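So the chains spell out like this:
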Amino acid sequence: MAWKKELFGTMDNGAEVYKYTLTNENGASASFTNLGGTWIEMIVPDKNGKPGDVLLGYDSVEGLLTRSGHLGEIVGRNANRIGGAAFTLNGITYALVINSGSKNNLHSGPDFYRDRIWDAEVEETGLGTRIMFSLFSPDGDQNYPGNANIAVSYTLTPDNSLRLDYHMVCDEDTIANFTNHAYFNLAGHDAGTIADQKVWIDADTYTVPDAESIPTGELASVKGTPMDFTELKPIGRDIDADFEALNFAGGFDHNWALNHAKGELALSCKAVDEASGRVMEVYTNLPGVQFYTANGLKNQVGKGGFVYQPRSGYCFETQYFPDAINKPQFDSPVLKAGDEYQTTTIYKFSVEA
């Protein structure tokens, strides 16, 4: 295994941004920046052995700072939406910034972790080369309670998997619900539409959303609906179906309730691009996954000047359910003071003939 560090760019305040690249013995590589701990490249071979970058992203500091769509970023303290941009914990109500729809909060913004320089440390482990990004989030940061020490590590393994481990400890009860907002296109980041790529999700139910993508609290069966990915199917087959949840979101942007046992690290999603032969499997120990087809990604100038448009990539955002803090019937994202938040998600890349 090997790794390298190189200057990526400089921020307006003079802070230097570095790019870190991990490479395994197969020639697969993954790259990140200490600006946001952002995942910016994932290079893996196709069925002919030709390497290609399957991750949408930006290749400049300016791109990272002005980006739309959260490409490749670590999202916290709470991924996805909180209805009413507020929650009550231990009898205290915490107001968040409204940045989604008419009254909701999305991805804990607008003071995102992506705009901050994280500490970085690289080491060799039994699983492969690992880079760990760490950040201190003070009490009141993004209006969340408690002083939090956060660490997110990426490990590139010999079997072309990228393992993401999330850790957080806080001195007060708070919310901990992290994800990575990576966008994938297994044909290549600059290949355009993902309509023909196939997806499987191990979920019999999904959280029913309202018109602003806040769960109503109901879990509905996917059976007989466009939300059914229990068998591998092309993304484009049902994406424009006349179905309320799809009409609200303009495509897929919903949370599926995964079937695996609580806390079990299990195969939960799969994507296949038959033309290139590339396959991606997603393993997680979290209860949900937001499958998002980049419906809102418009005219974003990405790597190499390629312009990303709607449905040019897709996300598997592993998570606690949206608005779980306000829905007692959902698994709770509350982290008790002194306890350790620890979750794992793995993206495993391979090829099939």
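Residues numbered from 1 in each chain as written. Predicted model: local features only at pLDDT ≥ 70, side-chain atom pairs only at ≥ 80, totals over all residues. Heavy atoms only, no water.

Caption draft 1: Examining the nonpolar core more closely. Core analysis: the largest hydrophobic core is formed by 64 residues, its most contacted members being W39, I201, W256, F291, Y314 and F316. Excluding its chain neighbours within four sequence positions, the residues that come into contact with F291 are V199, I201, F229, I235, F252, D253, H254, W256, Y314, C315 and F316. (Core = buried A, V, L, I, M, F, W, Y, C linked by side-chain atoms within 4.5 Å. Buried < 20%, exposed > 50% of the residue type's maximum accessible area, 1.4 Å probe, protein only. Contact = heavy atoms within 4.5 Å.)

Caption draft 2: Main features of the environment of G313. Position of G313 relative to the elements: it lies in the loop between strand 26 (307–308) and strand 27 (315–319). For G313, a relative accessible area of 0% gives the class buried. For the pair formed by G313 and N185, sequence separation is 128 residues and the distance between their alpha carbons is 5.0 Å. Filtering out sequence-adjacent residues up to four positions away, G313 remains in contact with L56, Y183, F184, I194, Y292, T293 and A294. (Helix = DSSP H or I, 4+ residues; strand = E, 2+ residues; numbered from the N terminus.)

Caption draft 3: Molecular detail of the packing of aromatic side chains. On inspection of all chains with the given rule, the structure shows 27 aromatic pairs. For the ring pair F252 and F291, a centre distance of 5.8 Å and an interplane angle of 40 degrees mean the geometry is tilted. One end of the pair, F252, is in the loop between helix 2 (244–249) and strand 21 (253–258); the other, F291, is in strand 24 (residues 288–292), and 39 residues separate them in sequence. Since its relative accessible area comes to 0%, F252 is described here as buried. With relative accessibility at 0%, the residue F291 sits in the buried group. Considering the side-chain rings of W256 and F291, the 6.1 Å spacing of their centres and the 70 degrees angle between planes classify their relative orientation as edge-to-face. Here the residue W256 occupies a position in strand 21, and F291 occupies one in strand 24, the gap between them amounting to 35 residues. (Phe/Tyr/Trp six-rings, centres within 6.5 Å; stacked < 30°, edge-to-face > 60°.)

Caption draft 4: Inspection of the pairing of strand 8 (residues 86–89) at higher detail. Taking every second residue as pointing to the same face, the buried face of strand 8 carries F87 and L89, while none of A86 and T88 on the other face is buried. Relative to strand 9 (residues 92–95), strand 8 runs antiparallel, the two being bridged by four bridges. From the neighbouring strand, A86 faces strand 9, where its bridge partner is A95. Once strand 8 ends, the chain turns through two residues before running back antiparallel as strand 9, passing N90 with a positive phi of about 55 degrees. (Pairing = 2+ DSSP bridges.)

Caption draft 5: Main features of the pairing of strand 3 (residues 29–33). Counting buried positions along strand 3 yields five of five residues, so the element is predominantly enclosed. One ladder, built from five bridges, connects strand 2 (residues 16–23) with strand 3; its direction is antiparallel. Counted as the bridge partner of L22 is A30 from strand 3. If you look at the hairpin formed by strand 2 and strand 3, you'll find five residues sitting between the two strands, and G27 has a positive phi there, around 90 degrees. As defined by bridge partners, strand 3 adjoins strand 4 (residues 38–45) across five bridges and the pair is classed as antiparallel. Residue pairing across strands places A30 opposite M42, the latter belonging to strand 4.

Caption draft 6: Representation of the sheet that holds strand 21. Across the sheet, five strands lie side by side as 19-18-21-24-27; this open sheet has antiparallel pairing. Unpaired on one side and paired on the other, strand 19 (215–221) and strand 27 mark the two borders of the sheet. On average, each strand axis in the sheet is inclined to that of its neighbour by 30 degrees, with strand direction left out of account. The pairing of strand 18 (residues 203–209) with strand 19 spans four bridges and is antiparallel. Residue T205 lies in a different strand from strand 19, and its bridge partner there is S221. (Axes fitted to C-alpha atoms, helices over the stretch in contact; angles between N-to-C directions.)

Caption draft 7: Just the environment of R116, in detail. Here R116 lies in the loop between strand 10 (105–106) and strand 11 (119–124). If we skip the residues at most four places from it in the chain, R116 touches N34, L35, G36, D111, L135, D141 and Q142. One polar contact links the side chain of R116 to the main-chain carbonyl oxygen of D111, over a distance of 3.2 Å. (Polar contact = N/O pair within 3.5 Å; in protein donor to acceptor, adjacent residues only side chain to side chain.)

Caption draft 8: Just the confidence of the model for the chain, in detail. Within the chain, residue pLDDT values average 97, and 100% of them lie at 70 or more. Mean pLDDT across the elements of the chain bottoms out in helix 1 (residues 61–66) (91) and peaks in strand 17 (residues 198–201) (99). (pLDDT = per-residue confidence, 0-100.)

Caption draft 9: Region of interest: the pattern of salt bridges. Under the defined criterion, the tally for this structure stands at 15 salt bridges. One salt bridge connects D111 with R116, and the closest N-O pair in it is separated by 3.2 Å. A salt bridge links R116 to D141; the shortest N-O distance between them is 2.7 Å. Pair noted here: R116 is in the loop between strand 10 and strand 11 and D141 is in the loop between strand 12 (129–137) and strand 13 (148–156), with a separation of 25 residues, a long-range link. (Salt bridge = Lys/Arg side-chain N within 4 Å of Asp/Glu carboxyl O.)

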